[in-house]
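# Observations on chain architecture
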Amino acid sequence: MASTRERIGEEGAYYLERASIPDDSGDEFQYEEIPIDDDLLSEIDEDLNHAVRTIQEAQEDQEATERKEGLIPPPVTLRPEVVDDFVRNFLVKMGMNRTLDCFQTEWYELQQRGQLNEEDVGTVPDIYCRNQQLDGTVKTLRHDVNKFRAAAMKAKETYVKLRKERDFHRMHHKRVVQEKNKLIDDIKRLKRHYMSYEPTLQQLKQKYETVMKERMLAKLERDRAINQVSALQATLRSLESGLREGATHEMTKEERRLMYASGVGPTQQAVHEARELTKEPQKVDPSSLDVTNQTLPRHPEDSEFPVDNGVNPQLANVKGPSAHLTRTGGFRLTHSFQAHSLAISGLALHPRKQILASVSDDQTWKMWAIPSGDIIMTGEGHTDWIGDCDFHPSGSQLVTASGDATVKIWDFSKAECVHTFTEHQHAVWGCTWHTCGDFVASASMDNTSKIWDLHSLRCRYTLRGHADSVNSIMFLPFSNNILTASADKTVSLWDARTGLCGQTFYGHVHSVNHASFSLKGDSIASCDSYGIVKVWDTRTCAPMATFDVGPHPANRGAFDSSGTVLAVGSNDGTIKMFDLTSGQVSSLAGHEDAVHAVMFDKAGDYLVSGGADNSVRIWS
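Residues numbered from 1 in each chain as written. Predicted model: local features only at pLDDT ≥ 70, side-chain atom pairs only at ≥ 80, totals over all residues. Heavy atoms only, no water.

## Considerations on the packing of aromatic side chains
Test applied: For Phe, Tyr and Trp, where Trp contributes only its six-membered ring, two rings pair if their centres lie within 6.5 Å, and the inter-plane angle classes them as stacked under 30 degrees, edge-to-face over 60, or tilted in between. To qualify as a helix, a DSSP run of H or I must reach at least 4 residues; to qualify as a strand, a run of E must reach at least 2; elements of each kind are numbered from the N terminus. Summary of the burial criterion: residues with accessible area below 20% of their type's maximum are buried, those above 50% are exposed, and those between are partly exposed, where the area comes from a 1.4 Å probe applied to protein chains only.
This model, assessed by the stated rule, comprises 11 aromatic pairs. Relative to Trp368, the ring of Phe337 has its centre 5.1 Å away and its plane inclined at 45°; by these criteria the two rings are tilted. Pair noted here: Phe337 is in strand β3 (residues 333–338) and Trp368 is in strand β6 (residues 364–369), with a separation of 31 residues, a long-range link. Phe337 gets classed as buried once you look at its relative accessible area, which sits at 11%. Among the residues examined, Trp368 registers a relative accessible area of 6% and is labelled buried. Here a set of aromatic residues connected by ring pairs shows up, and it is made of Trp365, Phe391, Trp410 and Phe412.

## Observations concerning unusual backbone geometry
Note on backbone geometry: most residues besides glycine have negative phi, and most peptide bonds are trans. Cis geometry is adopted by the peptide bond preceding Pro371, which originates at Ile370 and carries an omega value of 10°. Among the structural elements, Pro371 can be located in the loop between β6 and β7 (374–380). Here the phi dihedral of Asn447 falls at roughly 75°; this positive angle occurs in a residue that is not glycine. Note that Asn447 resides in the loop between β13 (439–444) and β14 (448–453). Of note in this structure, Lys489 is not a glycine but carries a positive phi near 75°. Among the structural elements, Lys489 can be located in the loop between β17 (481–486) and β18 (490–495).

## Observations concerning the sheet that holds strand β9 (residues 397–402)
Rule in force here: When DSSP finds two or more bridges between a pair of strands, those strands are recorded as paired. Think of each axis as a best-fit line through the C-alpha atoms, taken over the contacting stretch in the case of a helix, with angles from 0 to 180 degrees between the N-to-C directions.
The strand order across the open sheet formed by 4 strands is β8-β9-β10-β11, and the pairing between neighbours is antiparallel. The strands lining the two open edges of the sheet, one partner per strand, are β8 (386–391) and β11 (416–421). Pairwise comparison of adjacent strand axes, ignoring direction, gives a mean angle of 25° for this sheet. The pairing of β9 with strand β10 (residues 407–411) spans 5 bridges and is classified as antiparallel. When the sheet's bridge partners are listed, Thr400 is paired in β10 with Lys408.

## Quick notes on the pairing of strand β30 (residues 615–619)
Burial analysis of β30 places 5 of its 5 residues in the buried class, which makes it a mostly covered element. Of the two faces of β30, the one carrying Ser615, Arg617 and Trp619 and the one carrying Val616 and Ile618 are both buried. Across 5 bridges, the pairing between β3 and β30 is antiparallel. For Phe337, the partnering residue across the bridge sits in β30 and is Val616. Summarising the sheet, strand β29 (residues 607–611) and β30 pair through 4 bridges and their orientation is antiparallel. Each residue of the ladder has a partner; that of Leu607, found in β30, is Trp619. If you look at the hairpin formed by β29 and β30, you'll find 3 residues sitting between the two strands, and Asn614 has a positive phi there, around 70°.

## A few points about helix α2 (residues 83–94)
Threshold: By this rule, a helix spans an expected 1.5 Å times one less than how many residues it contains.
Its 12 residues give α2 an end-to-end C-alpha distance of 16 Å, which sits within 8% of 16 Å, the value for a rise of 1.5 Å per residue. Note on α2: the residue one or two positions beyond its end, Gly95, has a positive phi of about 80°.

## A look at the confidence of the model for the chain
Regions with low pLDDT carry predicted coordinates that are not meant to be interpreted in detail. The following threshold applies: Confidence scores here are pLDDT values: one per residue, from the predictor, ranging 0 to 100. We call two residues contacting when some pair of their heavy atoms lies within 4.5 Å.
The pLDDT averaged across the chain works out to 80; a share of 76% of its residues lies at or above 70. Taken element by element, the predicted model of the chain shows its lowest mean pLDDT in helix α5 (residues 253–262) (44) and its highest in β13 (96). Taken together, the stretch residues 247–268 has pLDDT below 50 and engages in 43 contacts with residues farther than four places along the chain or on a different chain.

## Comments concerning helix α3 (residues 97–113)
Quick note on the threshold: Arc definition: it is the arc formed by the directions from the helix axis to the C-beta atoms.
In a regular helix each residue adds 1.5 Å, so 17 residues correspond to 24 Å; α3 covers 24 Å between its end C-alpha atoms and thus fits that length. Along α3, the residues that are buried comprise Leu100, Phe103 and Trp107. Across the axial projection of α3, the buried residues extend over an arc of 65°, all falling on one side. Exposed and facing more than 90 degrees away from the buried side of α3 are Arg98, Thr105, Glu106, Gln112 and Arg113. Looking at the buried positions of α3, the neighbouring elements they touch are α2. Two residues or fewer past α3, Gly114 is found with a positive phi of approximately 80°.

## Structural notes on a negative patch on the surface
We apply this condition: Surface patches are drawn from residues lacking salt bridges whose relative accessible area is over 30%; two like charges belong together within 9 Å, two nonpolar side chains (Val, Leu, Ile, Met, Phe, Trp, Tyr) within 5 Å. For the area figures, the Shrake-Rupley method with a 1.4 Å probe applies, and any residue is considered shielded solely by the protein chains shown. Salt bridges are defined as contacts in which a side-chain nitrogen from Lys or Arg sits within 4 Å of a carboxyl oxygen from Asp or Glu. Positive residues here are Lys and Arg, negative ones are Asp and Glu, while His and the chain termini are left out of the count. By convention, charge coordinates are those of NZ in Lys, CZ in Arg, CG in Asp, or CD in Glu.
On the surface, a cluster of negative charge is made up of Glu57, Glu60, Asp61 and Glu63. One can find Asp61 in helix α1 (residues 38–69). Relative accessible area serves as the criterion here: at 52%, Asp61 is assigned to the exposed category.

## Side note on the sheet that holds β3
Backbone hydrogen bonds are what pair the strands of a sheet, in a parallel or an antiparallel way. Strand order across the open sheet formed by 4 strands is β3-β30-β29-β28, with antiparallel pairing between neighbours. At either end of the open sheet lies a strand with only one pairing partner, and these are β3 and β28 (595–600). Along the sheet, successive strands turn relative to each other by an average axial angle of 15°, direction set aside. Taken together, the 5 bridges between β28 and β29 define a ladder with antiparallel strand orientation. Bridge pairing in β29 links Val595 to Gly611.

## So, the pairing of strand β22 (residues 532–537)
Burial runs high along β22: 6 of the 6 residues are buried. Of the two faces of β22, both are covered, the one formed by Ile532, Lys534 and Trp536 as well as the one formed by Val533, Val535 and Asp537. Relative to β22, strand β21 (residues 523–528) runs antiparallel, the two being bridged by 5 bridges. Each residue of the ladder has a partner; that of Ser523, found in β22, is Asp537. Here β21 folds back onto β22 in antiparallel fashion, the turn holding 3 residues, of which Gly531 has a positive phi close to 85°. Taken together, the 6 bridges between β22 and strand β23 (residues 542–548) define a ladder with antiparallel strand orientation. Note that in β23 the partner of Lys534 across the bridge is Thr546. Counting the residues that bridge the hairpin from β22 to β23 gives 4 residues, and of these Cys541 lies at a positive phi of roughly 55°.

## What about the side chain of Ser479?
By the element assignment, Ser479 lies in the loop between β16 (470–475) and β17. Overall, the relative accessible area of 5% leaves Ser479 in the buried class. Setting aside anything within four residues of it in sequence, one finds Ser479 in contact with Asp308 and His434.

## Let's talk about the packing of α2 against α3
We apply this condition: Here the angle decides the label: under 35 degrees means roughly parallel, over 145 means roughly antiparallel, 65 to 115 means roughly perpendicular, and every other value means oblique. Crossing handedness: left-handed means the near helix sits turned counterclockwise from the far one by under a right angle, and right-handed means the same turn made clockwise. Any residue that is not Ala, Val, Leu, Ile, Met, Phe, Trp, Tyr, Cys, Pro, Asp, Glu, Lys or Arg is counted as polar, Gly included; the first ten are nonpolar and the last four charged.
Where α2 meets α3, the axes come as close as 9 Å, and the angle between the chain directions of the two elements is 165°. Put simply, α2 runs roughly antiparallel to α3. Note on packing geometry: the crossing formed by α2 with α3 is left-handed. Where α2 abuts α3, its residues Asp84, Val87, Arg88, Leu91 and Val92 lie against Thr99, Leu100, Phe103, Gln104, Trp107 and Tyr108. Of the residues belonging to the contact of α2 with α3, the class tally is 7 nonpolar, 2 polar and 2 charged.

Structure representation (structure tokens):
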């Protein structure tokens, strides 16, 4: 234990001496350490701090009160400047260093001699200090005035500039408003002027459509009369030759096939009339029972399928693809016209005339003169969208398939629907006409296809085999073979005489939207909903080529007359052209929306397309 004591030296000075007490003191007393409570210490510290703060606050309040009463002077006092300091500061400020040296020498000399009186050496009068402060203030204010004057001049220039710009824009706005009002007045005047012409234009348009319809009906009536005369003459010649030989017999199937191939052969009605004239009794062959109704004989007015010998007389005029078909970008858009108010879903070309039929989602079909785009006839009667159409081989009738689950036959000479087939259970997607003109085939969403007899007006066969919607159907020209494409990802070949499936093509992995024959019948083109196009060889039943134009769906395909060029309408608004000999692919861009229908003419000189932009476009 250590302790410090103060001692007084001999000279009376104090000094400190440090002494220590050893731990082993001789008193042998046992000291016990008393623990100190932490809570007590914290309370003592808190009370002490509180007391200190209270004292400090009381002192501050007291000082503030005294300061207000004038008892305590302010902490900073302003002491006036003495004369000598004032003179020195003035000389320093003015840069008079030699005068400053002389002044200080004389000043200190007089001060040492005691010749300076206190009255003479005093403080500088307040007026001088005040003048000095005012001089500084004046200089500062002059500087601020100059700065503010420059800012004011700059603001004035900006204001003048902005005012000029405002006046310019105001004048320009007034001129634009005047021009706008003038244009509005001109538009209103022109609108009133054109409105006065609207009734006249409508009347002239109706007269024009009436005249064109009468003209077309007259042409169709003339063609029908010529065909009937030719058919009756052929029938009479055959009857006369049979009477001269002494035997009455009906026209053989080979004779009928040759007449149909010539394009002017007799109709089924003429054959029945000839049978009535010869009084030949009708016999029912047990082997000729309907496949779909095995217990019932054929209808007395059922048509007979022509002999299928695989001969297509149209192939004699085929010389090969045109040069511009195989050249990239060879096609050019030459004509275009708005045909319907909604999307176009199908097209058909007249077999002998420059006439185009179109069907649309607006529930109507229309006939147009091409390439001029003049309307000839309009048909209304379906209660839902129309999906497809096809001309009769003679060009006198039209078949349409609709979403109202019906198939309608339209006769141009009567300008009306002559019959409606209603046995489908769901929407009908496609329809096609047999080359002989006596049968129509249709494909439906009810997973079936049907073959209709135009003379007995009944369903001859129902083609069952697809597991999903049948999206398209097509007769091979001058053949009894039918091609169907289905959403079950398959393409099938059928025999129309028996209603049986002869071959099914597998390979697509998505719904097949359309399938079509080449003119020779040796190739089939199919396209699906993911843009995959396949070309099949009907002899080996294997794919010859595959093209991917996805991911947009490929809606419809069509071969040219040579069978070497394939056109496919795509959902991206383009037409893909495939040269099957070289594998070259090109695109025709012109439609503003999906292309739903494409079709070559027989000569292969031009291509017709229709799409969701409601327009028909002709490429040549």
